[in-house]
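# Commentary on secondary and tertiary structure
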Amino acid sequence: MKPFSLDDLAAIISARGNATSAASYTKSLLDAGPARAAKKFGEEAVELVIAAIEGEKQAIVSESADVLYHLLVLLRLGDVSLSEVLGELELRTSQSGHQEKASRQSASR
């Protein structure tokens with residue numbers, strides 16, 4: 001059996017987008033739109049930060065799962081695929097972090 005992946009989670013989110021809001025939290029979140037999904041993502045990110053500061057491993061694991069789920073919901077709402085994000089990460093990791101950051105700053109000027 002293959003390990004569960006972010007691609008698997010993205011596929012589940014996509015499939016649940018076809019359910020009813022009454023049957024699926026994911027569908028209700030998608031129906032509420034980007035502002036609601038972004039708010040939930042922010043809430044989960046703050047909870048992850050708190051868990052990291054407190055150093056509670058299980059809380060970090062749990063909140064990280066929430067952050068990843070809500071991130072993928074936001075990507076779906078923005079019509080952005082996980083592969084697009086991974087492609088961007090691949091580009092960024094082809095150079096040092098300092099070089100990559102400098103190139104983004106010079107491009108935005």
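The rules behind these values
- Residues numbered from 1 in each chain as written.
- Predicted model: local features only at pLDDT ≥ 70, side-chain atom pairs only at ≥ 80, totals over all residues.
- Heavy atoms only, no water.
- UniProt positions renumbered as here; feature names shortened; annotations may be inferred.
- Salt bridge = Lys/Arg side-chain N within 4 Å of Asp/Glu carboxyl O.
- Buried < 20%, exposed > 50% of the residue type's maximum accessible area, 1.4 Å probe, protein only.
- Helix = DSSP H or I, 4+ residues; strand = E, 2+ residues; numbered from the N terminus.
- Expected span 1.5 Å × (residues − 1).
- Arc of directions from axis to C-beta.
- Contact = heavy atoms within 4.5 Å.
- Core = buried A, V, L, I, M, F, W, Y, C linked by side-chain atoms within 4.5 Å.

The protein appears in an unreviewed UniProt entry as Phosphoribosyl-ATP pyrophosphatase from Methylocella tundrae. Among the UniProt annotations of the protein, the heading Catalytic activity (unreviewed entry) holds the following wording: "1-(5-phospho-beta-D-ribosyl)-ATP + H2O = 1-(5-phospho-beta-D-ribosyl)-5'-AMP + diphosphate + H(+)". On record in UniProt, under Sequence similarities (unreviewed entry), the comment for the protein is "Belongs to the PRA-PH family."

### Regarding the pattern of salt bridges
Across all of its chains, the model carries 5 salt bridges by this definition. The shortest N-O distance in the salt bridge between Lys 2 and Asp 8 comes to 2.8 Å. Looking at Lys 2, the relative accessible area reads 55%, which means it is exposed. In this structure, the salt-bridge partner of Glu 43 is Lys 40, at a minimum N-O distance of 3.3 Å. Residue Glu 43 and its partner Lys 40 are both found in helix α3 (residues 34-54); the two are separated by 3 residues, about one turn of the helix. The exposure class of Glu 43 is partly exposed, given its relative accessible area of 29%. Exposure remark for Lys 40: the relative accessible area of 15% places this residue in the buried category. Members of the salt-bridge network, linked through shared partners, are Lys 40, Glu 43 and Glu 44.

### Here's the deal with α3
Between its first and last C-alpha atoms α3 spans 30 Å; for 21 residues at 1.5 Å apiece the expected length is 30 Å, and the two agree. Listed in full, the buried residues belonging to α3 are Ala 37, Lys 40, Glu 44 and Ala 51. The buried side chains of α3 occupy one side of the element, clustering within an arc of 65° when seen end-on. Residues of α3 that are exposed and point over 90 degrees away from its buried face: Ala 35 and Ile 53. On the buried face of α3, the contacting elements are α2 (25-32) and α4 (57-77).

### As for unusual backbone geometry
Although it is not a glycine, Asp 79 adopts a positive phi angle of roughly 55°. Here Asp 79 shows up in the loop between α4 and α5 (82-92). You can call Asp 79 exposed: its relative accessible area is 70%.

### Observations regarding the nonpolar core
Membership of the largest hydrophobic core is limited to 10 residues, which are Leu 9, Ile 13, Leu 29, Leu 30, Ala 37, Tyr 69, Leu 72, Val 73, Leu 75 and Leu 82. Among residues more than four places away in sequence, those in contact with Val 73 are Ile 13, Leu 29, Leu 30 and Ala 37.

### Considerations on the environment of Leu 75
Assignment of secondary structure puts Leu 75 in helix α4. Linking Leu 75 and Ala 37, residues 38 residues apart in sequence, is a C-alpha distance of 9.9 Å. In contact with Leu 75, not counting residues within four places along its chain, are Val 80 and Val 85.

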